[in-house]
Amino acid sequence: MRPAWAEAYAGLIRQGGVLITMMWPIVGDREGGPPFSVSEEAYREALSPYFDSVYLKDPIKTSEGHAGVDKMGVWRRK
């Protein structure tokens, strides 16, 4: 499903455009969902054919209980 998601956004965003992602929850291989566990690696793997990673950091502000399990990513369309 993630490769199809990445391909869909690549079709919507022109070359040089930006995709902003909020990755959550980054909690390893947690069973079940929703929300289903994600990883930075999964995002990179899905998006790297179409986007370059520009920014990947923990957010300055986050929701209660999200600290350490979310990350903000900015990706530029190739």
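Criteria and thresholds
Residues numbered from 1 in each chain as written. Predicted model: local features only at pLDDT ≥ 70, side-chain atom pairs only at ≥ 80, totals over all residues. Heavy atoms only, no water. Salt bridge = Lys/Arg side-chain N within 4 Å of Asp/Glu carboxyl O. Helix = DSSP H or I, 4+ residues; strand = E, 2+ residues; numbered from the N terminus. Buried < 20%, exposed > 50% of the residue type's maximum accessible area, 1.4 Å probe, protein only. 1 Å grid on protein atoms, 1.4 Å probe; cavity = no way out; pocket = protein on both sides within 12 Å on 5 of 7 lines; lining within 4 Å. Points joined across faces, edges and corners; volume = space filled by probe spheres on them. Nonpolar A, V, L, I, M, F, W, Y, C, P; charged D, E, K, R; others polar. Core = buried A, V, L, I, M, F, W, Y, C linked by side-chain atoms within 4.5 Å. Contact = heavy atoms within 4.5 Å.

(A) Local environment of the pattern of salt bridges. Evaluated as defined, the whole model comprises 3 salt bridges. Linking Glu40 and Lys71 is a salt bridge whose minimum nitrogen-to-oxygen distance equals 3.7 Å. Of the two residues, Glu40 is situated in helix H2 (residues 40-47) and Lys71 in strand E3 (residues 71-77); the sequence distance between them amounts to 31 residues. Its relative accessible area of 25% is what places Glu40 among the partly exposed residues. Measuring nitrogen to oxygen at the nearest pair gives 2.7 Å for the salt bridge that ties Lys71 to Asp58. Of this pair, Lys71 sits in strand E3 while Asp58 sits in the loop between strand E2 (51-57) and E3, and the two are 13 residues apart along the sequence.

(B) Expanded view of the layout of surface pockets. For the largest pocket, the calculated volume is near 170 Å³. In terms of lining residues, the largest pocket is bounded by Met1, Arg2, Trp5, Thr21, Met22, Val38 and Tyr43. Taken together, the elements giving at least two residues each to the lining of the largest pocket come down to helix H1 (2-12) and strand E1 (18-23). Looking at the lining of the largest pocket, its residues break down into 5 nonpolar, 1 polar and 1 charged.

(C) Structural context of the nonpolar core. With 12 residues, the main nonpolar core is built from Ala6, Ala10, Ile13, Leu19, Met23, Val38, Tyr43, Ala46, Leu47, Phe51, Leu56 and Trp75. When contributions to this core are tallied by element, the ones reaching two or more residues are H1, E1, H2 and E2. Here this core takes 3 residues from H2, the largest share from any one element. Beyond its immediate stretch of four places on either side in the chain, Met23 contacts Val38, Glu40, Tyr43, Leu56, Val69, Asp70, Lys71, Met72, Gly73 and Trp75.

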